[in-house]
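A structural walkthrough
Spelled out from the first residue to the last, the chains are:
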Amino acid sequence: MEISVVSLFPEMFAAVRDYGVTGRAVQNGLLSIQCCNPRDFTTDRHQTVDDRPYGGGPGMVMKTEPLQQAIAVAKASVAPGATVIYLSPQGRQLTQAGLAELAAKPSLVLLAGRYEGVDERLIDSEIDEEWSIGDYVLSGGELAAMVMIDGLSRLLPGVLGHHLSAEQDSFAEGLLDCPHYTRPEHFRGMAVPGVLLSGNHEAIRRWRLKQSLGRTWLRRRDLLEQVELSDEQNKLLAEFIRELDD
Ligand SMILES: NC(=O)c1ccc(NCc2ccccc2N2CCOCC2)nc1
């Protein structure tokens, strides 16, 4: 997957390009992340990328010319047919399903806005999709772009070592994750659930599924309503709920 980001702060993207799962994906050639800075496309002495808003009001708006030139260069630096995405609070809410859609695309250009945002005419003429990582306001689109990059890169073939962890990613099934444990076996007087020490992989699979179902029921009933449960899942959830009263 080729990604080119348009941002006034390209150095920020070291956080995904140089570390962890995404950093390894870049090293293995499974992901490429390039940056294009609109400031490099200014012609005035002050390298102006923003201007006062028509209609008055606080803050500044990002100018169209530097952005359109940066977007043109960004599109030219990735495979043709790139989807141009704008990260903003006004966008479509990003979910695991949305990430799966994005991970299937050959290339992306991500526009990270600053100031109070971008001239609407730039959005109308250059942006294919507007996405939001959640209902909150950030100082810029860079962190939202990195959240999207991280989430979709985990879905690229070959990025996660044991593919199972992506499949077992309970969020991929629409459920919350089960609890996890590692050594020591006793910590502050708390033991590890016995089933996890049993070596009985089928019992462990059922226990983990039951925990995912139960946690989703307790913490995110809204997610559970979107999931079609199998007979086994319904049975395990009923057991979990019954055991709550014990
Ligand atoms: N939820 C998200 O995905 C998200 C994304 C970006 C973002 N901020 C950059 C931004 C981008 C577009 C429009 C306005 C703004 N803002 C600029 C700073 O002032 C507030 C408005 N915030 C939250």
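Anything mentioned here points back to the structure above.
Small disclaimer: the values here were computed from a predicted structure and weren't measured.

Observations concerning the sheet that holds strand S2 (residues 32-36)
Across a sheet, paired strands are connected by hydrogen bonds in the backbone, their directions being either parallel or antiparallel. Strand order in the open sheet formed by 5 strands is S2-S1-S6-S5-S7, with parallel pairing between adjacent strands. The open sheet has two edge strands with one neighbour each: S2 and strand S7 (129-132). Neighbour to neighbour, the strand axes of the sheet diverge by 35° on average, direction disregarded. With 5 bridges connecting them, strand S1 (residues 2-6) and S2 associate as parallel partners.

With respect to the layout of surface pockets
Of the pockets and cavities examined, the largest pocket occupies roughly 460 Å³. Surrounding the largest pocket, 24 residues form its lining, Leu 87, Ser 88, Pro 89, Gln 90 and Glu 116 being those nearest its centre. Looking at the lining of the largest pocket, the elements with two or more residues in it are strand S5 (83-93), helix H5 (120-126) and S7. At 5 residues, S5 tops the list of elements feeding residues into the lining of the largest pocket.

Notes on the packing of helix H8 (residues 201-219) against helix H10 (residues 231-244)
At their nearest, the axes of H8 and H10 sit 9 Å apart, and the two run at 70° to each other. Between H8 and H10, the interaxial angle falls into the category roughly perpendicular. Read as a crossing pair, H8 and H10 show a hand that is right-handed. Contact with H8, carried on its side by Glu 202, Arg 205, Arg 206, Leu 209, Lys 210, Gln 211, Leu 213, Gly 214, Arg 215, Trp 217 and Leu 218, involves Glu 232, Gln 233, Lys 235, Leu 236, Leu 237, Glu 239, Phe 240, Ile 241, Glu 243 and Leu 244 of H10 and no other residues of that element. Tallied by class, residues from the contact of H8 with H10 come to 9 nonpolar, 3 polar and 9 charged.

What counts, and at which threshold
Residues numbered from 1 in each chain as written. Predicted model: local features only at pLDDT ≥ 70, side-chain atom pairs only at ≥ 80, totals over all residues. Heavy atoms only, no water. Pairing = 2+ DSSP bridges. Helix = DSSP H or I, 4+ residues; strand = E, 2+ residues; numbered from the N terminus. Axes fitted to C-alpha atoms, helices over the stretch in contact; angles between N-to-C directions. 1 Å grid on protein atoms, 1.4 Å probe; cavity = no way out; pocket = protein on both sides within 12 Å on 5 of 7 lines; lining within 4 Å. Points joined across faces, edges and corners; volume = space filled by probe spheres on them. Parallel < 35°, antiparallel > 145°, perpendicular 65-115°, else oblique. Left-handed = near helix turned anticlockwise from the far one by under 90°. Contact = heavy atoms within 4.5 Å. Nonpolar A, V, L, I, M, F, W, Y, C, P; charged D, E, K, R; others polar.

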